[in-house]
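Structure at a glance
Okay, here's what each chain looks like letter by letter:
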Amino acid sequence: MSKIELIKVKDYNELSEVAGKIMLELVKEKPACTLGLATGSSPIGLYQYLIKAYNNKEVSFKEVKTFNLDEYCDLPVSHPESYYSFMHTNLFNHIDINEGNVHIPSSVGGDLEKNCADYSAALNAATVDMQLLGIGANGHIGFNEPGTSFESETLIVTLKEKTRQDNARFFDNDINQVPTHAITMGIKNIMNAKSVLLVASGKNKADAINKLMNGPITEDFPASALQNHKGKVIVVADEEACSLL
Ligand code: GLP
């Protein structure tokens, strides 16, 4: 039995509100908290919820530090689909976050191994209070694809065909435009967070949510590592994502 707490919600709107509220409460309670942030379509509504709370003057992000999970390789940061652009478009440009407190893995420069080591060092020097995650249909978290060691720290990965197909919708539905590699926090980095908030919506995630909640703990399904997490793991999933439970 996993200790993962599952909050079942009706649809994407409710998911965004329920998960958004959980993150908002943390920032209100601890204004200088450190958040691990994620990209993908799943957290967009949660980010909108945070922006709304900021606009209503309920919260400030001035002292919040953030660490993003991952970034594509071979995509300039200025590309609209870089995760740097994604985070600024969907969250950072709309709140009072201090750009100096924002950390996003960088795939720029000639020494990517050094970028990985630097990112892990920064993460290890911090304590992530809450790590937000989406989940790939194949169980990937961040860009840790099936087969990644649970001991991994920030690393360069080769994206699976399935992940590139799933993400082709952001690249004119053309898989050839989807980068083949990415830099991602490792599973060990993710597990070091004090708590984890995972959001999942839609039928495409139903199998992954079932395996996350009920499957064996195996490196073939990276998200299953969360079953061994020492802190709180909350999964907020909508009816479709829960349809195989
Ligand atoms: C990408 C990201 C993951 C994300 C996953 C699911 O591959 N690297 O961090 O969780 O996609 O994305 P979506 O929420 O769009 O389904």
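Treat the numbers as computed from the prediction; the structure is a model and nothing was measured.

Turning next to helix H1 (residues 12-29). Taking 1.5 Å as the rise per residue, H1 with 18 residues should run 26 Å; its terminal C-alpha atoms sit 26 Å apart, in good agreement. The set of residues buried in H1 consists of Leu-15, Ser-16, Ala-19, Gly-20, Met-23, Leu-24, Leu-26 and Val-27. Check the buried side of H1 and you find it contacts strand E1 (5-9), strand E2 (34-37), helix H2 (44-55), strand E6 (130-133), strand E9 (195-200) and strand E10 (232-238).

Moving on, we come to the site of the ligand. Neighbouring residues of the ligand: 13 residues in total, closest Ser-41, Ser-42, Asp-70, Arg-169 and Lys-205. At 2.8 Å, a side-chain N or O of Asp-70 approaches a nitrogen atom of the ligand. At a separation of 2.5 Å, an oxygen atom of the ligand approaches a polar side-chain atom of Lys-205. When isolated, the ligand has an accessible area of 390 Å², and the protein chains bury 95% of it. Here the residues of the shell around the ligand sort into 3 nonpolar, 7 polar and 3 charged.

This part covers the sheet that holds strand E8 (residues 181-184). Pairing is antiparallel across the open sheet formed by 3 strands, whose spatial order is E4-E8-E7. The sheet terminates laterally at strand E4 (70-72) and strand E7 (155-158), the two strands that pair on one side only. For this sheet the average axis-to-axis angle between neighbouring strands, irrespective of direction, equals 25°. Two strands pair when backbone bridges link them, and E7 and E8 are joined in this way by 4 bridges, in the antiparallel orientation. In the strand pairing of E8, Thr-158 is matched with His-181.

About the thresholds
- Residues numbered from 1 in each chain as written.
- Predicted model: local features only at pLDDT ≥ 70, side-chain atom pairs only at ≥ 80, totals over all residues.
- Heavy atoms only, no water.
- Helix = DSSP H or I, 4+ residues; strand = E, 2+ residues; numbered from the N terminus.
- Expected span 1.5 Å × (residues − 1).
- Buried < 20%, exposed > 50% of the residue type's maximum accessible area, 1.4 Å probe, protein only.
- Contact = heavy atoms within 4.5 Å.
- Near = heavy atom within 4 Å.
- Polar contact = N/O pair within 3.5 Å; in protein donor to acceptor, adjacent residues only side chain to side chain.
- Areas by Shrake-Rupley, 256 points an atom, 1.4 Å probe, with all protein chains shown as cover.
- Nonpolar A, V, L, I, M, F, W, Y, C, P; charged D, E, K, R; others polar.
- Pairing = 2+ DSSP bridges.
- Axes fitted to C-alpha atoms, helices over the stretch in contact; angles between N-to-C directions.

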